[in-house]
Protein chains: 4
Amino acid sequence: MDSEFLKSQGISLDLALEAREIIRGETGREIPGVRVDKETYSHAVVTTVHIEDEAAQAVMGKPVGKYITIEAPVIRENNPEAHREVAEVLAAQLKKMAQLSMESNTLVVGLGNWYATPDALGPKVVGKCLVTRHLFKYAPQELQGGMRPVSALAPGVLGITGIETAEIIKGVVERIQPELIIAIDSLAARGVDRIATTIQLADTGINPGSGIGNKRAGINKETMGVKVVAIGVPTVAHAAVIAQDAIEKYIQSTGGRPGDASAAINNVLQPFGGNLTVTPKEIDTLIEDTAHIISGGLSIALHPGINPDDYAYYMH
Amino acid sequence: MDSEFLKSQGISLDLALEAREIIRGETGREIPGVRVDKETYSHAVVTTVHIEDEAAQAVMGKPVGKYITIEAPVIRENNPEAHREVAEVLAAQLKKMAQLSMESNTLVVGLGNWYATPDALGPKVVGKCLVTRHLFKYAPQELQGGMRPVSALAPGVLGITGIETAEIIKGVVERIQPELIIAIDSLAARGVDRIATTIQLADTGINPGSGIGNKRAGINKETMGVKVVAIGVPTVAHAAVIAQDAIEKYIQSTGGRPGDASAAINNVLQPFGGNLTVTPKEIDTLIEDTAHIISGGLSIALHPGINPDDYAYYMH
Amino acid sequence: MDSEFLKSQGISLDLALEAREIIRGETGREIPGVRVDKETYSHAVVTTVHIEDEAAQAVMGKPVGKYITIEAPVIRENNPEAHREVAEVLAAQLKKMAQLSMESNTLVVGLGNWYATPDALGPKVVGKCLVTRHLFKYAPQELQGGMRPVSALAPGVLGITGIETAEIIKGVVERIQPELIIAIDSLAARGVDRIATTIQLADTGINPGSGIGNKRAGINKETMGVKVVAIGVPTVAHAAVIAQDAIEKYIQSTGGRPGDASAAINNVLQPFGGNLTVTPKEIDTLIEDTAHIISGGLSIALHPGINPDDYAYYMH
Amino acid sequence: MDSEFLKSQGISLDLALEAREIIRGETGREIPGVRVDKETYSHAVVTTVHIEDEAAQAVMGKPVGKYITIEAPVIRENNPEAHREVAEVLAAQLKKMAQLSMESNTLVVGLGNWYATPDALGPKVVGKCLVTRHLFKYAPQELQGGMRPVSALAPGVLGITGIETAEIIKGVVERIQPELIIAIDSLAARGVDRIATTIQLADTGINPGSGIGNKRAGINKETMGVKVVAIGVPTVAHAAVIAQDAIEKYIQSTGGRPGDASAAINNVLQPFGGNLTVTPKEIDTLIEDTAHIISGGLSIALHPGINPDDYAYYMH
């Protein structure tokens with residue numbers, strides 16, 4: 001796989017970790033301006049990719065900023081105790097990235113489409129979120145102990161609303177003026193082993209690929225005027241990338257050197273082209289469990305007064 | 001039933017027709033500043049209540065404006081042909097009230113809560129709406145023939161978002177600047193016979209009761225800056241009003257004169273008070289059919305190029 | 001309120017506790033053949049009504065058997081710790097009533113209608129249930145530790161399937177031969193204070209009212225051939241009963257003696273009659289929380305090997 | 001692509017048309033014992049594959065019987081008039097295959113998982129079905145005019161119920177004794193161009209692949225004791241097949257001869273293996289439209305008394 005193939009398919013990789021792997025695979029060494037840290041927990045490995053200058057930004061195709069990846073294959077297992085640990089790791093990383101004061105007013109935005117399972121992660125997290133902003137306006141102070149004001153919005157997708165998602169969010173942000181936006185999104189990975197095993201936090205928000213014709217606006221500090229932390233989980237892989245990887249693996253196994261397979265792949269993926277994704281059958285359960293972990297992590301990070309024993313409860 | 005009782009319960013009647021009936025019942029004559037028209041169709045009676053001056057506004061508890069009521073008990077029957085007629089009557093009234101130019105850019109807003117059946121009418125209509133605004137931006141002109149740019153939003157409810165519904169809508173309106181907002185809402189009626197048989201159109205938008213402590217903002221020309229037509233259908237009746245009506249009917253049947261029953265009613269409706277509503281068991285089917293009729297009516301009114309034979313199709 | 005009024009309205013009270021109150025209210029003393037025990041927990045009072053002979057059965061309008069009522073107003077509060085206690089109390093009562101051996105094969109049946117919020121409790125519990133029967137057939141033994149084989153079915157309602165619910169369940173029971181059926185259902189209470197505060201367990205299963213024209217078959221040992229424990233929670237109150245109670249309270253407050261109010265009530269509740277119910281607006285949240293508690297209680301009772309700290313997790 | 005590859009991946013093609021193409025591709029001539037008819041409509045091509053003897057059954061991997069394929073790419077377009085034609089073609093083919101008498105009692109079974117969009121076609125059709133069996137028991141005769149008794153069941157999937165789907169259906173069939181079962185299912189195609197463009201009717205019911213370890217029971221005349229017509233629509237393609245096709249296309253484009261690519265493909269599709277499927281992003285809309293067409297076709301075929309102008313209405 002090389003970055004030329006991705007460009008030819010109009011695909012921009014969502015995970016910084018995967019983008020880096022491909023580029024390093026081409027050059028064989030660390031990308032200048034990219035720095036990487038690693039921490040290990042019992043059920044999770046946390047890798048932080050720092051994109052430190054504009055040269056690195058150009059190579060990586062991602063804005064300067066911090067991309068934290070939590071790799072936790074245990075998310076795919078039915079192991080509540082381990083899921084709780086992953087939620088706690090997520091909370092710790094989110095707190096570090098967001099630097100919230102106790103009064104911080106946070107808007108959680110669930111991107112994606114309620115009606116298409118692999119794209120429903122964001123709206124699901126919104127539905128499980130412990131929302132409190134209205135309590136701060138209307139309820140007695142004792143209900144507010146240990147909580148921060150949190151609001152949540154699932155703006156829907158263009159095909160259902162007829163409105164750009166960024167427009168809806170921007171409109172709401174201008175009215176309620178949060179200090180922080182946390183945007184939850186389903187991602188597309190290069191490899192299927194990333195599906196429901198990897199959580200990425202990015203302090204750069206959501207930035208659509210820069211290809212020609214890309215009319216979608218970003219959801220980031222520049223467009224929203226406030227800090228945006230994006231939390232994304234791969235729930236699908238790109239069908240074209242899977243096909244390309246299979247071709248390469250096969251050619252290598254025959255001792256050959258793969259050339260440009262774009263035409264063959266486009267032929268097979270007609271008539272849907274780049275809009276085809278690969279998903280496992282049990283995607284409904286994976287989405288449910290992942291939404292559970294993320295909403296749990298948000299509650300731990302945003303509402304420090306909640307007893308950790310109870311957070312699982314709040315995750316429903 | 002008198003208007004004092006309603007005030008004591010903090011209830012403001014949603015249907016202008018019912019408000020007028022109660023006040024006329026007290027005075028025995030038409031309310032000064034209120035004018036009423038009537039048209040009859042084979043399956044629907046259309047009554048327009050004009051509130052013409054501020055005196056009438058004060059008595060009726062509703063702003064100066066036009067309130068069109070379509071009474072069609074046939075909505076509750078399984079009669080597709082008749083439902084089609086009701087959708088056409090709704091479309092005709094909506095067109096008259098909205099005075100749309102062909103370029104008019106309309107935002108349909110579905111108020112209410114997806115998760116509570118009797119309150120889900122608005123979001124259901126949004127889900128069935130023929131949304132086209134994005135086609136006008138991105139699609140070739142031939143796709144646009146006979147359609148107006150329509151967008152749709154289901155903003156959710158305060159308990160789920162933590163944000164006032166009016167704030168969300170106002171934010172989006174400021175961004176996309178529609179010429180018209182059509183707000184769909186579930187209403188509470190005085191009488192159970194109104195449930196899923198009556199559609200009200202109001203050119204005054206949505207105006208919360210004026211009682212003390214009512215912190216909800218209206219969705220109307222004043223708050224939104226553009227014309228707002230409200231389309232509402234009673235899906236519940238007020239439990240307190242039903243109890244009061246039963247008491248009055250009973251006392252009258254014994255030849256007595258009813259007095260103030262508020263204390264007895266409050267006692268029975270503890271601990272939920274005014275938040276209790278009366279619903280029929282088949283509310284899911286009634287909501288589905290009503291949403292169908294309203295989204296059909298919207299398509300006929302907003303997209304004149306669609307063949308009437310096909311509108312039923314577009315209503316899914 | 002007397003039992004004559006209920007008969008005239010075709011209403012049979014679902015809660016044994018309420019049925020007993022009304023009859024005792026008429027006679028002023030305990031009903032012969034009815035015995036009552038009471039236990040008190042920090043957030044719940046457990047009352048067991050034993051209907052011990054056929055005379056008591058005739059008076060109570062409910063079959064001979066044990067009716068355990070857990071009264072826990074805390075269900076309506078946002079108090080995870082207290083909810084956990086209620087789930088544990090439910091589990092303890094269920095274990096006592098069901099007398100399960102470790103190999104017991106249990107079928108959980110969620111009665112009611114997914115599409116109508118107040119009637120969706122049963123299907124919601126099925127969706128949250130920890131189902132394991134297939135693991136016992138297909139999975140390695142180590143996955144089975146501390147679990148019993150549990151299956152779950154949401155058979156739908158007559159209007160959607162065209163098939164009597166009891167027929168569907170009976171058909172499945174004949175195939176999979178469980179030792180125990182646990183049937184979850186939404187109930188209608190006399191008083192609104194029972195809504196989402198009371199859980200009834202009955203070892204007599206589900207027995208439709210015995211009124212003329214009642215064509216619904218029961219779901220009980222007699223029809224199913226195996227033990228049936230019914231778990232029910234009031235999610236609505238009868239509108240006719242609420243109206244009658246309001247009339248009585250009012251008449252008493254004026255020093256009068258209430259007579260027969262059926263005609264007045266029928267007049268007000270036209271055209272839906274006995275099918276009208278009273279619900280609080282926040283019914284969606286109440287149903288969600290109650291389903292959470294019941295599925296948690298089921299997991300604790302049926303799967304003794306699950307760590308109590310994790311049950312909240314399994315309740316999603 | 002050859003049949004060896006499919007076997008090595010444990011994949012059995014759902015569409016008889018695709019199975020035939022592959023085998024003919026290998027042999028270059030029509031398969032003995034297979035006969036094919038073709039009819040052409042303005043928006044649909046109908047091909048009937050007759051598998052006429054056991055030799056053909058062995059080669060095709062599908063039981064002796066009739067497989068009607070309706071190819072209608074227009075399903076993917078927003079064209080209500082054409083969709084209506086497809087529904088009518090479906091109804092005509094279904095009537096011919098089912099040979100219903102006017103009293104025929106039909107059970108529609110919606111296979112698949114409500115919670116996973118590409119697998120939700122069956123349950124969606126059940127939700128849109130015009131169910132009448134209960135009317136024949138309880139309603140006055142005039143409601144029955146021109147309708148047949150139809151019931152509908154969405155039995156759920158093994159992971160949610162813990163019960164084999166065939167067991168649930170068999171249990172219900174034994175109780176209500178229908179003359180015909182119509183089983184609706186999502187299929188997996190070889191090619192992505194089949195997704196939401198092809199409808200297959202099979203008078204052989206549902207027959208799981210015959211691979212070792214396949215413990216799923218069929219839903220067919222043999223297991224159910226009554227005629228079973230299966231209606232299936234591809235909503236996904238097999239990821240492994242897509243990868244294999246891409247490899248073959250690429251090798252051919254380089255002038256080479258493809259060998260066995262199983263190892264390369266398995267490597268790329270780890271850790272989900274054969275359970276990975278390829279879906280277009282707009283799968284929610286495709287499923288909704290397809291369910292609409294199928295439920296419309298069922299109504300036309302099963303309820304001859306319904307005015308064709310109204311069928312679109314009944315399709316909601």
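Before going into details, it helps to say that this report is about the structure given with it. (Residues numbered from 1 in each chain as written. Chains lettered and ligands numbered in written order. Predicted model: local features only at pLDDT ≥ 70, side-chain atom pairs only at ≥ 80, totals over all residues. Heavy atoms only, no water.)

### A word on the overall build of chain A
Link 1 in the chain: Scanning chain A for helices and strands turns up 13 helices and nine strands.
Link 2 in the chain: Relative to a compact globule of 316 residues, whose C-alpha radius of gyration would be 20 Å, chain A shows 20 Å and is just as compact.
Link 3 in the chain: When the backbone C-alpha atoms are referred to their principal axes, chain A occupies close to 70 × 45 × 40 Å.
Link 4 in the chain: Counting all 316 residues of chain A, 60% fall into the buried class.
Link 5 in the chain: Sequence-distant contacts, at least 24 apart, represent 71% of the contacts inside chain A between residues at least 6 apart.
Link 6 in the chain: A total accessible area of about 12,000 Å² is found for chain A, and carbon and sulfur atoms account for 48% of it. (Helix = DSSP H or I, 4+ residues; strand = E, 2+ residues; numbered from the N terminus. Rg over C-alpha atoms; globule rule 2.2 N^0.38 Å. Buried < 20%, exposed > 50% of the residue type's maximum accessible area, 1.4 Å probe, protein only. Contact = heavy atoms within 4.5 Å. Areas by Shrake-Rupley, 256 points an atom, 1.4 Å probe, with all protein chains shown as cover.)

### Quick word on the nonpolar core
It is characteristic of soluble globular proteins that their nonpolar side chains tend to be buried jointly.
Link 1 in the chain: Formed by 62 residues in total, the largest nonpolar core has its most connected members in Met 60 and Met 224 of chain A together with Met 60 and Met 224 of chain B.
Link 2 in the chain: Ignoring sequence-local partners within four residues, the contact set of Met 60 of chain B consists of Ala 16, Ala 19, Arg 20, Ile 23, Ile 31, Val 34, Val 49 and Ile 51 of chain B. (Core = buried A, V, L, I, M, F, W, Y, C linked by side-chain atoms within 4.5 Å.)

### Remarks on the pattern of salt bridges
All names here are of chain A.
Link 1 in the chain: For the structure shown, the criterion picks out 54 salt bridges over all chains.
Link 2 in the chain: Arg 35 is the salt-bridge partner of Glu 52, the closest N and O atoms lying 2.8 Å from each other. Remark: Arg 35 occurs in strand E1 (residues 34-40) and Glu 52 occurs in the loop between strand E2 (45-51) and helix H3 (54-60); sequence separation between them is 17 residues.
Link 3 in the chain: Glu 52 sits in the partly exposed class, given a relative accessible area of 42%.
Link 4 in the chain: Take Arg 35: its relative accessible area is 38%, and that puts it in the partly exposed class.
Link 5 in the chain: We note a salt bridge from Glu 288 to Lys 124, for which the minimum N-O separation is 2.8 Å. Of the two residues, Glu 288 is situated in helix H12 (residues 283-302) and Lys 124 in helix H5 (residues 121-128); the sequence distance between them amounts to 164 residues.
Link 6 in the chain: For Glu 288, a relative accessible area of 21% corresponds to the partly exposed category.
Link 7 in the chain: With relative accessibility at 24%, the residue Lys 124 sits in the partly exposed group. (Salt bridge = Lys/Arg side-chain N within 4 Å of Asp/Glu carboxyl O.)

### Quick look at the side chain of His 50 of chain B
Residue and element names in this part refer to chain B.
Link 1 in the chain: For His 50, the location among the structural elements is in strand E2 (residues 45-51).
Link 2 in the chain: Its relative accessible area of 13% is what places His 50 among the buried residues.
Link 3 in the chain: Within the structure, His 50 has its side chain in polar contact with the side chain of Asp 37 (distance 3.0 Å).
Link 4 in the chain: His 50 has contacts with Gly 33, Val 34, Arg 35, Asp 37, Gly 65 and Lys 66, leaving out every residue within four places of it along the chain. (Polar contact = N/O pair within 3.5 Å; in protein donor to acceptor, adjacent residues only side chain to side chain.)

### With respect to the relation of the copies chain C and chain B
Link 1 in the chain: For the pair chain C and chain B, the relating rotation is 180°, the translation along its axis is 0.0 Å, and the fit reaches an RMSD of 0.0 Å. Taken together, these values place the two copies in the relation of a two-fold axis.
Link 2 in the chain: In this assembly the copies share their binding face: 100% of the residues contributing to the interface of chain C also contribute to that of chain B. (Least-squares fit on C-alpha atoms with pLDDT ≥ 70 in both.)

### Quick word on the interface of chain C and chain B
Link 1 in the chain: At the interface, 40 residues of chain C touch 40 residues of chain B.
Link 2 in the chain: Buried area between chain C and chain B, summed over both chains or domains, comes out near 3,300 Å², and the portion from carbon and sulfur atoms is 69%.
Link 3 in the chain: Of all residues in chain C, Tyr 250, Val 268 and Phe 272 of chain C bury the most surface against chain B, accounting for 21% of the area lost on that side.
Link 4 in the chain: Our count for the chain C to chain B interface comes out at zero salt bridges.
Link 5 in the chain: Going through the elements one at a time, helix H10 (239-253), helix H11 (262-269), strand E9 (276-280) and helix H12 (283-302) of chain C are the ones with two or more residues in the side of chain C that touches chain B.
Link 6 in the chain: Here the residues of the side of chain C that touches chain B are counted per class, giving 24 nonpolar, eight polar and eight charged. (Buried area = accessible area lost by both parts, 1.4 Å probe. Nonpolar A, V, L, I, M, F, W, Y, C, P; charged D, E, K, R; others polar.)

### Looking at the packing of helix H10 (residues 239-253) of chain A against helix H10 (residues 239-253) of chain D
Link 1 in the chain: Following both chains from N to C, one finds H10 of chain A and H10 of chain D inclined at 60°, their axes separated by 9 Å at the closest point. Taken together, the axes of H10 of chain A and H10 of chain D lie oblique to each other. Relative to H10 of chain D, H10 of chain A is oriented so that their crossing is right-handed. Where H10 of chain A abuts H10 of chain D, its residues Ala 243, Ala 246, Ile 247, Tyr 250 and Ile 251 of chain A lie against Ala 243, Ala 246, Ile 247, Tyr 250 and Ile 251 of chain D. (Axes fitted to C-alpha atoms, helices over the stretch in contact; angles between N-to-C directions. Parallel < 35°, antiparallel > 145°, perpendicular 65-115°, else oblique. Left-handed = near helix turned anticlockwise from the far one by under 90°.)

### Some remarks on the packing of helix H4 (residues 80-98) of chain B against helix H12 (residues 283-302) of chain B
Residues and elements named next belong to chain B.
Link 1 in the chain: Two elements in contact, H4 and H12, have axes whose closest approach is 8 Å; the angle formed by their N-to-C orientations is 50°. By the criterion of interaxial angle, the relationship of H4 to H12 is oblique. Here H4 and H12 pass one another in a crossing that is right-handed. Residues His 83, Val 86, Ala 87, Glu 88, Leu 90, Ala 91, Leu 94 and Lys 95 of H4 touch H12, and the partners they reach there are Asp 289, Ile 293, Ile 294, Gly 296, Gly 297, Leu 298, Ile 300 and Ala 301.
Link 2 in the chain: Of the residues assigned to the contact of H4 with H12, the class counts are 10 nonpolar, three polar and three charged.

### Comments concerning a nonpolar patch on the surface
Link 1 in the chain: A cluster of nonpolar side chains, Trp 114 and Tyr 115 of chain A together with Trp 114 and Tyr 115 of chain B, forms an exposed patch at the surface whose accessible area comes to about 430 Å².
Link 2 in the chain: In this structure, Tyr 115 of chain B sits in the loop between strand E4 (106-110) and helix H5 (121-128). (Patch = residues over 30% accessible without salt bridge, like charges linked within 9 Å, V, L, I, M, F, W, Y side chains within 5 Å.)

### Digging into the environment of Val 236 of chain A
All names here are of chain A.
Link 1 in the chain: Mapped onto the secondary structure, Val 236 falls in strand E8 (residues 227-238).
Link 2 in the chain: For Val 236 and Thr 223, which are 13 residues apart along the polypeptide, the C-alpha to C-alpha distance reads 27 Å.
Link 3 in the chain: Those residues in contact with Val 236, other than ones at most four positions away along the chain, are Pro 118, Leu 187, Ala 188, Ala 189, Ile 195, Thr 277, Val 278 and Thr 279.

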